[in-house]
Structure formats: structure tokens, C-alpha cells
There are 2 protein chains.
Amino acid sequence: MIEARHLRVLRTVATTGSFSAAARELGCTQPAVSQQMKALEAAAGTPLLVRAGREMRLTEAGEALVRHAAGILAGLTAAEEEVAALAGLRAGRVRLVSFPSGSSTLVPTAVAAMRADHPGTRVSLVEAEPPRSVDMLRAGDCEIALAFRYDATPWGYHTGGGWGRDELVARPLLTDRLVGLVPEEHPFADADEVDIGTLAEEPWIAGCPRCRRHLVEVCEAAGFTPRIDFATDDYPAVVGLVGAGLGVAVLPELAVESVRPKGTRAVRVTPAVQREVVALTLPDLAQVPAVAAMLDRLETAARR
Amino acid sequence: MIEARHLRVLRTVATTGSFSAAARELGCTQPAVSQQMKALEAAAGTPLLVRAGREMRLTEAGEALVRHAAGILAGLTAAEEEVAALAGLRAGRVRLVSFPSGSSTLVPTAVAAMRADHPGTRVSLVEAEPPRSVDMLRAGDCEIALAFRYDATPWGYHTGGGWGRDELVARPLLTDRLVGLVPEEHPFADADEVDIGTLAEEPWIAGCPRCRRHLVEVCEAAGFTPRIDFATDDYPAVVGLVGAGLGVAVLPELAVESVRPKGTRAVRVTPAVQREVVALTLPDLAQVPAVAAMLDRLETAARR
DNA sequence: TCCATCCATAAGGACACCTTGGGGAGTCGG
DNA sequence: CCGACTCCCCAAGGTGTCCTTATGGATGGA
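First, a word on scope: everything that follows refers to the structure included in this document. From a predicted model like this one, the values you see are computed outputs, not experimental measurements. (Residues numbered from 1 in each chain as written. Chains lettered and ligands numbered in written order. Predicted model: local features only at pLDDT ≥ 70, side-chain atom pairs only at ≥ 80, totals over all residues. Heavy atoms only, no water.)

Section: the protein's contact with DNA strand C
Moving on, step 1. Close contacts around DNA strand C come from 19 residues, with A:Gln36, B:Phe19, B:Ser20, B:Ser34 and B:Lys38 the closest.
Moving on, step 2. In DNA strand C, the atoms that sit within 4 Å of the protein are 59% sugar and phosphate, with bases accounting for the remainder.
Moving on, step 3. In this structure, a phosphate oxygen belonging to DNA strand C sits 2.5 Å away from a side-chain N or O atom of B:Lys38.
Moving on, step 4. The class makeup of the residues in the surface near DNA strand C is 6 nonpolar, 7 polar and 6 charged. (Near = heavy atom within 4 Å. Polar contact = N/O pair within 3.5 Å; in protein donor to acceptor, adjacent residues only side chain to side chain. Nonpolar A, V, L, I, M, F, W, Y, C, P; charged D, E, K, R; others polar.)

Spelled out as C-alpha cells, the structure:
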């Protein structure tokens, strides 16, 4: 098996015309060059160099190897450069999957920071929720999945429809408080804080299926089952429905901030409801420079 | 420094999808593959493979390396094949330099045998005499130089205008007797053997400068200085001149055989005059398969 | 739940590689 | 013509690398 290192030495010998000069250029001793050439000739099965007096000349086989060496070493250098670019964040692509409407502030900030710090990198975004996003992560369709959870299920456990096999790495980004949203004509509109039990008789507007499920759990813990008239992922729609007096809702503080809460008021609810937003990835992917950098940017953006 | 061996393993891992399968295909153990991949990732500075459950997937950097690996390994394989062809005598070029008129029988026979045994090889022929042919050998303009000498100068010595630095390899081919050539009407035409001294008064026809010099030396050793009326390298011309009765000559048996000795007779002369025909090359070149094969063919042809 | 497969890790031994030191030969300048 | 420099080869020693065997942990299918 001919090794690239041998070809590099052979080429240097061919251009410099001597073992000693090649050794100086390669930063090693002359016997090292001599031994490498002997090894290469053994591998080739035929002499490659002719020692004629002082000068060093190539045989036909030597010329053939040097001819091929150009392309091989060029390819090797190109490969190293491309990998170095990826490792040095001068290139790289990060495919992000985020839960719907969860990317309104976090993702744009992080992507902007990423682009500013490492212009060669590219970030793409697709919306999906667990377990779909986790499947995509495991299938190699993305590098980072943004997700949230309400309960404190340990990350290392496999939750029913969740993401949490312990081979996943979860980087906590922020803990998002959920605030109640009521029409501004509502009796509690000016309250600092309301107990969720006092909203037992109100019509509810829920979010995504998981949000809805969690809402039901919280309400049942408070002793009532909410009457849910509407359910939509679209936060502006929720705000519109609440503003129209069609019900009350709880939604993430983050969402309220990104939507103009027209005709509504946000009030704190007790018991405190919160969700944890995390960035999920695979252990190996977390070591990829572009992925690690993006995770850092997401974390920074979450600390705004 | 990325090594080609690593790329080969990486490619196999990528195609087979597992370390174990790659190890089986490569004929080594699984930990060997594991360690190589770890080393390659260390060299690359970024993960190349993602262990997602059971399957093995490439990262962006891994894909880049595999993409480059195709060309690099193809080039390496091509280089190995070309060298193997040269080493296996399926290819190769031998440049032969021979003394003028000395190649009439030896070289054609040897070249024909070479072509028959190794159709892929090519032999080229140029005519030149020492020291010119030795200079060509040392300058890399040929691989084999056919030459002859009259005296028994040790090969290891540097003769005045000769070839014999001891870094040259001389393969003896044959010892060529020189025969006298006289017109068929000459008094000695039917003699079995003549003493060269009895030809003291004859006009002489000499060959090349070195042959002429040697003729003078032999004659002076016999006690006379030959009167040389003609000197030519061209053996047919020598025969023509002798046949026309313009003088006598001594010339190699080999030459007499290849020329129709019209109107002349060959007689043995005493003291015996002979020249030694050798194939010269450089020590390193003697190890080149095509050169070694050609030297063998020349030797065989000389033993005809 | 059991079993087969797969990967990671540790320890041991074999091998390759490079460096140092010495010698022979050739070339150039005095 | 001779000395000095350069170049290459050779041998020996130490270091590092690589592969193998053996073991453990984890996964996925039956």
C-alpha cells in the first residue's frame, strides 16, 4: 500500500534533487528520507530513484508516481482545507427544527448572531414538534431540535410521546412562564394575579395538542375541567379570539411579547405554570463546531 | 495530516454503515476501525460520524471527506496499478544506446525476444560510442549502453576516455574474435591462419577511431606500423574496399557474419585479437524490471 | 425478558519510525 | 594534487503507533 506521506517525500526529493535538501524542507533528518524512499521502493516493487553521481533522477516508475502524486496530494490538501473550514467555522450548515411559533424571537436572534460571527455558516429552519422533531434528529434530518416540556420528566427517560432517550443531549435555554390572557373588559383584567380556579367557568382557548393536554392537567389539579372552545397553534389567533371576548387562555410569556396583545390583558396565574425550552441534539453532533456554536448562540439569545 | 488509509476505512464505514461490517470487509478487528476513526476525527478536528442508535451516519465534514476520498483513493489505485504494470513488465520503456554497427544481430534478436515475452514494453535504440554513450547513461538519456573494449582494463577503473567508473554495472555479453579480411585473390586468402606481422607491408583499412587505435597498438607490438589508407565505421564499406583489393582489414567476427563478404576471405590472425562486448547500466537501473529483462535478453541473444 | 449485535475501552505486544553516530565516496576550491 | 565539504548509506537505540485480545455497556429484535 502506497502511502500519501511517501508520495509527499518522493515529490520533494524529485523537486529538490537530493535527500538532504528534501529532509531540510520537510523538517526531518536525511536518514528518515532515505528510509521512506526505501520503503516506498519496496512497496512499489521497483526502483524509483537513480543515484547517478550527485544528482538524483527519477525512473519511469518514479515519474509515474510523481505524476499521480500531484493529483493525490492536491485532493488530500483540498480535503484538509474543507474540513478545516468546517472545523474553523468558516463553513458549515446547521439544520434547525423548532416547535411552531416557538422560534419567533429566540431563533432569529441566534441566527443573526451566528451569521454575524461566522459569515460562512448557514442555518436552515423547519418547524416541527416532538416527537416528529426528535425523529428528524434521530434520522439525521437536522442537527438541532428546539423543544419544550411542561413536566419535569428526567431527560434520561423515555416519556410517552417525548424525546427523552438518554442518548439525546438537552441544552436548557430558558424557563418560560405562562401568563393568562383575558379580554380587557374582563373582571380580572386589572388583577395582578388570579388563581386558575377562578377561571373555571370561563370558555378556554387552547394551543397545540400538548399545550392543551397540559392545560387540562393543570385545571384538573385545580379541581375543574376546562371547557375548551377553540384550539389553535397560532398565537396571534389566540390573541384575536381572546380580544374578541370569546374566552381566556394561558400562553407563553415569550409568545405574548412577540404578539401585540390587542384588546387583551396579561395576568399572572397561580399556581405558576411554566414550560422549559431546550435545544436537543445528539452527543456527537454537539461536538461539531457549527452545531456547538449555534447552541451557544441559542443560549445567549435566551439570556437576552 | 489525514492519511489515505483513514479515508479508506471511513469510506468503508460509510458504505457498510457500521464499524463491525467495515472491519470484516477490511480484514481487521472492530477496535482497529474504531481507533482509526477516532484518530481521523482527531486529525480533522471535528466529528465525522454520528452514532445514532444502531446506524452510523456521516456529519457534514464526514461527507466532505468521503467525497474527496473517492478521487484520492482512485488516484492512489491508479498509481499503484501503473507502478504494478511497470514492475510486472506489462509496461515500461528501455532506451538502448549501442555502438555503431554493433547492434546488427545482438540488438534485433534481444528486442524481438523482449517484445515477444513482454508485449507491453518498448525498446528504443540510438547509436553512440563511449564515452558519449556513458555520458548519456549518466545523464539519464538511456538505461542501457552497449559498448566494447579491447584491453582488459578493470571495470572499476576510470579509463582515459572510457566508461569505467565503478558505479557502473557491466554485464559481459560476449567476447568477439576479430578476423582478418583479405581479397580473395590475396596470397593468404586460403590460409587458415596468418601472423599479423606478415601483413606488415599491406595497406590497411581501419574501423572506428578506437578500433584504429587498437589496430595500431597490436601491429606495433608485432613490430611494424600499419599503413592505413582508409578508415570507416561502415562495415559493408570495409568489405567493399577489401574486395576491391585496396587493402586488408581486421574486423569483428560478428560484423563479418552480418555482412556478405563478397570477394573477400576471412582468415584467423595471430596473435589472437578480440574485443569484449558488454552492456553497461547504472546499479539502480539494473534493478528496474524492464531493464533487467532487457539485459537478460541481450545476454541470451549473445549466447546464440 | 432474553439474546444477539454493536461500539467503547484497557492492556499487552509487535512493529514502524525517527534520531544519533559513524563511514565511504564524490565534488569543488586552493 | 590535496584538503574540505557535501551527500548518501548503514547500524543501533529509543519512542511512539498500531493492532490484537478481552471486557463491559447499550441497543434492538424475538
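Read on for the rest.
Let's talk about the relation of the copies chain A and chain B
Moving on, step 1. Expressed as a screw transformation, the operator carrying chain A onto chain B has a rotation angle of 180° and an axial translation of 0.0 Å, and the superposed copies differ by an RMSD of 0.1 Å. What the rotation and shift describe, once combined, is the action of a two-fold rotation axis. When each C-alpha of chain A is compared by its distance to the rotation axis, A:Ile72 comes out closest, at 2.6 Å.
Moving on, step 2. Taken as a fraction of all interface residues of chain A, those also at the interface in chain B reach 100%, which identifies the copy contact as same-surface. (Least-squares fit on C-alpha atoms with pLDDT ≥ 70 in both. Contact = heavy atoms within 4.5 Å.)

A few points about the pairing of strand β8 (residues 203–206) of chain A
Residue and element names in this part refer to chain A.
Moving on, step 1. Of the two faces of β8, both are covered, the one formed by Pro203 and Ile205 as well as the one formed by Trp204 and Ala206.
Moving on, step 2. Sheet topology places β8 next to strand β9 (residues 227–231); 4 bridges connect them, and they run parallel. Counted as the bridge partner of Ile205 is Phe230 from β9.
Moving on, step 3. Once you follow β8 into helix α7 (residues 209–221) and on to β9, the crossover reads as right-handed. (Buried < 20%, exposed > 50% of the residue type's maximum accessible area, 1.4 Å probe, protein only. Helix = DSSP H or I, 4+ residues; strand = E, 2+ residues; numbered from the N terminus. Pairing = 2+ DSSP bridges. Right-handed = clockwise from strand over helix to strand, strands pointing away.)

Regarding the protein's contact with DNA strand D
Moving on, step 1. The local shell around DNA strand D holds 21 residues, among which A:Phe19, A:Ser20, A:Ser34, B:Thr29 and B:Gln36 are the closest.
Moving on, step 2. In DNA strand D, atoms within 4 Å of the protein come 64% from sugar and phosphate.
Moving on, step 3. Between DNA strand D and the protein, one listed contact pairs a base nitrogen with a side-chain N or O atom of A:Gln30 at 3.4 Å.
Moving on, step 4. In the model, a phosphate oxygen of DNA strand D is placed 2.8 Å from a nitrogen or oxygen of the B:Thr29 side chain.
Moving on, step 5. Elements with a minimum of two residues in the surface near DNA strand D: α2 (19–26) and α3 (30–44) of chain A together with α3 (30–44) of chain B.
Moving on, step 6. Here the surface near DNA strand D is built from residues that sort into 6 nonpolar, 8 polar and 7 charged.

Some remarks on the packing of aromatic side chains
Moving on, step 1. Inspection of every chain in the model, using the stated rule, returns 4 aromatic pairs over all chains.
Moving on, step 2. Pairing B:Phe148 with B:Tyr150 gives two aromatic rings, centres 5.7 Å apart and planes at 80°, and the pair type is edge-to-face.
Moving on, step 3. A relative accessible area of 17% places B:Tyr150 in the buried class.
Moving on, step 4. In textbook terms, an aromatic cluster arises when at least three aromatic residues are bridged by ring pairs, as seen for A:Phe99, A:Phe148 and A:Tyr150.
Moving on, step 5. A cation over a ring is seen here: A:Arg275 above A:Phe148, with NZ or CZ 4.3 Å from the ring centre. (Phe/Tyr/Trp six-rings, centres within 6.5 Å; stacked < 30°, edge-to-face > 60°. Lys NZ or Arg CZ within 6 Å of the ring centre and 35° of its normal.)

Focus on the interface of chain A and chain B
Moving on, step 1. Listed by partner, the interface residues are 47 residues for chain A and 47 residues for chain B.
Moving on, step 2. Regarding the contact of chain A and chain B, the summed buried area is about 3700 Å², with carbon and sulfur atoms giving 65% of it.
Moving on, step 3. Of all residues in chain A, the largest losses of buried area upon contact with chain B belong to A:Glu60, A:Val83 and A:Asp284, amounting jointly to 15% of the total for that side.
Moving on, step 4. Remark: the boundary between chain A and chain B carries 4 salt bridges.
Moving on, step 5. Residue A:Arg51 pairs with B:Asp284 through a salt bridge whose shortest N-O separation is 3.9 Å.
Moving on, step 6. For the pair chain A and chain B, the number of links is 11 residue pairs in polar contact (both at pLDDT 80 or more).
Moving on, step 7. Elements with a minimum of two residues in the side of chain A that touches chain B: α1 (4–16), β1 (49–52), β2 (55–58), α4 (60–87) and α6 (132–139) of chain A.
Moving on, step 8. Of all the elements, α4(A) adds the most residues to the side of chain A that touches chain B, at 16 residues.
Moving on, step 9. When the residues that make up the side of chain A that touches chain B are grouped by side-chain class, the tally is 25 nonpolar, 9 polar and 13 charged. (Buried area = accessible area lost by both parts, 1.4 Å probe. Salt bridge = Lys/Arg side-chain N within 4 Å of Asp/Glu carboxyl O.)

Things to note about the pattern of salt bridges
Moving on, step 1. For the structure on display, the rule yields 30 salt bridges over all chains.
Moving on, step 2. For A:Glu82, the salt bridge identified is with B:Arg67, shortest N-O distance 3.2 Å. One end of the pair, A:Glu82, is in helix α4; the other, B:Arg67, is in helix α4 (residues 60–87), on a second chain.
Moving on, step 3. Two residues, A:Glu129 and A:Arg210, come together in a salt bridge whose shortest N-O distance is 3.2 Å. Highlighted residues: A:Glu129 in the loop between β4 (122–127) and α6 and A:Arg210 in helix α7, separated in sequence by 81 residues.

Some remarks on helix α5 (residues 106–117) of chain B
Moving on, step 1. Look at α5(B): 17 Å from first C-alpha to last across 12 residues, which is about the 16 Å you get at 1.5 Å a residue.
Moving on, step 2. Against the buried residues of α5(B) lie β3 (93–98), β4 (122–127), β5 (144–149), β6 (169–183), β12 (274–281) and α10 (289–302) of chain B. (Expected span 1.5 Å × (residues − 1).)

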